[in-house]
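So you can see what is in the structure, the chains are spelled out below.
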Amino acid sequence: MQGAWLGWTGLAEAAPLDRFAGTFRASGTVVEGPKATAHRARCNFTVEPMGSNRIALRGTCRAYLVFTRTISARLALSGSGRVTGTYTGARVGTAQLAGRLRGGTLEMTVRWPKPLYGDTTANMRIVSLDPNRLQILVTDRIGPRGPTRQTTDLTLVRR
C-alpha cells in the first residue's frame with residue numbers, strides 16, 4: 001500500500017485505463033472476407049499499461065481453419081477523456097482510432113486506410129462489463145449502401 005509509512009493506508013487511485021489491462025481469453029464472432037461472412041472466433045489477448053494514460057493490446061484470433069490473425073492496438077487517453085490510437089489487424093492495414101472514454105466504455109471511430117466492406121469508417125466500443133470481463137464490438141456498413149451490422153462481437157474473460 002502506497003503511503004503506509006506516512007500513516008495513510010488507502011490505495012492509490014487507479015488510472016482510468018487500468019480496468020482494460022490484463023490477460024484475456026475471448027470468444028465470439030468476427031466477420032471476414034469480401035462477402036462479410038461471420039465466423040466463430042477464439043482469441044488470446046494481453047493488454048498492458050504503458051504509463052498512466054496509455055495501453056497496448058496484442059493478441060491472436062483464430063476462426064476454425066478459416067484464418068488466424070494477429071491483432072494489436074495502442075490507445076492514449078487525454079485529460080479531457082479523448083482517446084486516440086491505432087489498430088492493426090484488418091486486411092486493409094493499420095487504422096486510426098479516435099473517440100472518448102465514457103465511464104467503463106471506450107467509444108471510438110475507426111478510420112481504415114482503404115475501403116473495408118465499401119467504406120473507410122466503422123465504430124468500435126470496448127466495454128468493461130465487470131472487473132473480469134470486457135466486450136469488443138465493431139459495427140460497420142456492409143457495402144456502399146448496405147446495412148450496418150456487427151462485424152466483431154468478442155467477450156473477453158480475464159485469466
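Residues numbered from 1 in each chain as written. Predicted model: local features only at pLDDT ≥ 70, side-chain atom pairs only at ≥ 80, totals over all residues. Heavy atoms only, no water.

Chemist: What exactly am I supposed to notice about the overall build of the protein chain here?
Modeler: Assigned secondary structure in the protein chain consists of zero helices and ten strands. Reading the secondary structure of the protein chain in the N-to-C direction produces β-β-β-β-β-β-β-β-β-β. Counting only C-alpha atoms and orienting by the principal axes, one finds that the protein chain spans roughly 65 × 35 × 20 Å. Within the span of the protein chain, comprising 159 residues, buried residues form 43% of the whole. Sequence separation of 24 or more characterises 32% of the internal contacts of the protein chain that already satisfy a separation of 6 or more. Of the side chains in the protein chain, 23 bear a positive and 9 a negative charge, and the two mean positions are spaced by 5 Å. (Helix = DSSP H or I, 4+ residues; strand = E, 2+ residues; numbered from the N terminus. Buried < 20%, exposed > 50% of the residue type's maximum accessible area, 1.4 Å probe, protein only. Contact = heavy atoms within 4.5 Å. Lys, Arg positive; Asp, Glu negative; His and termini not counted. Charge placed at Lys NZ, Arg CZ, Asp CG, Glu CD.)

Chemist: Which parts of the structure should I look at to understand the pattern of salt bridges?
Modeler: Oppositely charged side chains can form a pair if their charged atoms are brought close together. In the structure shown here, the tally under the stated rule is five salt bridges. E107 is the partner of R102 in a salt bridge, and the nearest nitrogen-oxygen pair spans 3.1 Å. Of the residues examined, R102 reaches a relative accessible area of 45% and is grouped as partly exposed. Residue class for E107 comes out partly exposed when judged on its relative accessible area of 29%. (Salt bridge = Lys/Arg side-chain N within 4 Å of Asp/Glu carboxyl O.)

Chemist: Where do I start with the sheet that holds strand β9 (residues 133-141) in this structure?
Modeler: Adjacent strands of a sheet pair through backbone hydrogen bonds, lying either parallel or antiparallel. One closed barrel holds the ten strands; their spatial order is β1-β2-β3-β4-β5-β6-β7-β8-β9-β10, and the pairing between them is antiparallel. Averaged over neighbouring strand pairs, the angle between their axes works out to 25 degrees when direction is ignored. Strand direction decides the pairing type here: strand β2 (residues 37-49) and strand β3 (residues 54-63), joined by eight bridges, are antiparallel. Residue pairing across strands places V47 opposite L57, the latter belonging to β3. (Pairing = 2+ DSSP bridges. Axes fitted to C-alpha atoms, helices over the stretch in contact; angles between N-to-C directions.)

Chemist: Explanation requested: the state of the cysteines in the structure shown.
Modeler: As used here, a disulfide is simply a covalent bond connecting the sulfur atoms of two cysteines. All chains considered together, the criterion is met by one disulfide. With a sulfur-sulfur separation of 2.1 Å, C43 is cross-linked through a disulfide to C61. A torsion of 110 degrees about the S-S bond marks the disulfide between C43 and C61 as right-handed. Note that C43 is positioned in strand β2 and C61 in strand β3, a separation of 18 residues in sequence. Grouping residues by exposure puts C43 and C61 together as buried. (Disulfide = S-S within 2.5 Å.)

Chemist: Honestly, a nonpolar patch on the surface in this entry has me stumped. Any pointers?
Modeler: A cluster of nonpolar residues, Y64, L65 and V66, forms a patch on the protein surface that exposes about 420 Å² of accessible area. Structurally, the position occupied by L65 is in the loop between β3 and β4 (67-77). (Patch = residues over 30% accessible without salt bridge, like charges linked within 9 Å, V, L, I, M, F, W, Y side chains within 5 Å. Areas by Shrake-Rupley, 256 points an atom, 1.4 Å probe, with all protein chains shown as cover.)

Chemist: Would you take a moment to explain the packing of aromatic side chains for this structure?
Modeler: Any aromatic ring pair is given by two values, namely how distant the centres are and how the planes are angled relative to each other. Summed over all chains, the structure comprises one aromatic pair. Between Y87 and W112 the ring centres are 6.2 Å apart and the planes differ by 70 degrees, which places this aromatic pair in the edge-to-face class. In this pair, Y87 sits in strand β5 (residues 82-88) while W112 sits in strand β7 (residues 105-116), placing the two residues 25 residues apart along the sequence. Across the ring face of F67, the terminal group of R69 is positioned such that the distance to the ring centre comes to 5.1 Å. (Phe/Tyr/Trp six-rings, centres within 6.5 Å; stacked < 30°, edge-to-face > 60°. Lys NZ or Arg CZ within 6 Å of the ring centre and 35° of its normal.)

Chemist: Looking at this structure, I do not really get the pairing of strand β8 (residues 119-130). What am I missing?
Modeler: Here is the key point about a regular strand: its side chains alternate between the two faces of the sheet. In the sheet, β7 pairs with β8 via eight bridges, with the strands oriented antiparallel. Pairing of E107 across the sheet is with R125, part of β8. If you look at the hairpin formed by β7 and β8, you'll find two residues sitting between the two strands, and Y117 has a positive phi there, around 60 degrees. Inspection of the sheet shows β8 paired to β9 by seven bridges, in the antiparallel sense. Bridging across to β9, N123 finds its partner in T139. If you look at the hairpin formed by β8 and β9, you'll find two residues sitting between the two strands.

These results come straight from atomic positions and should not be treated as a statement about function.
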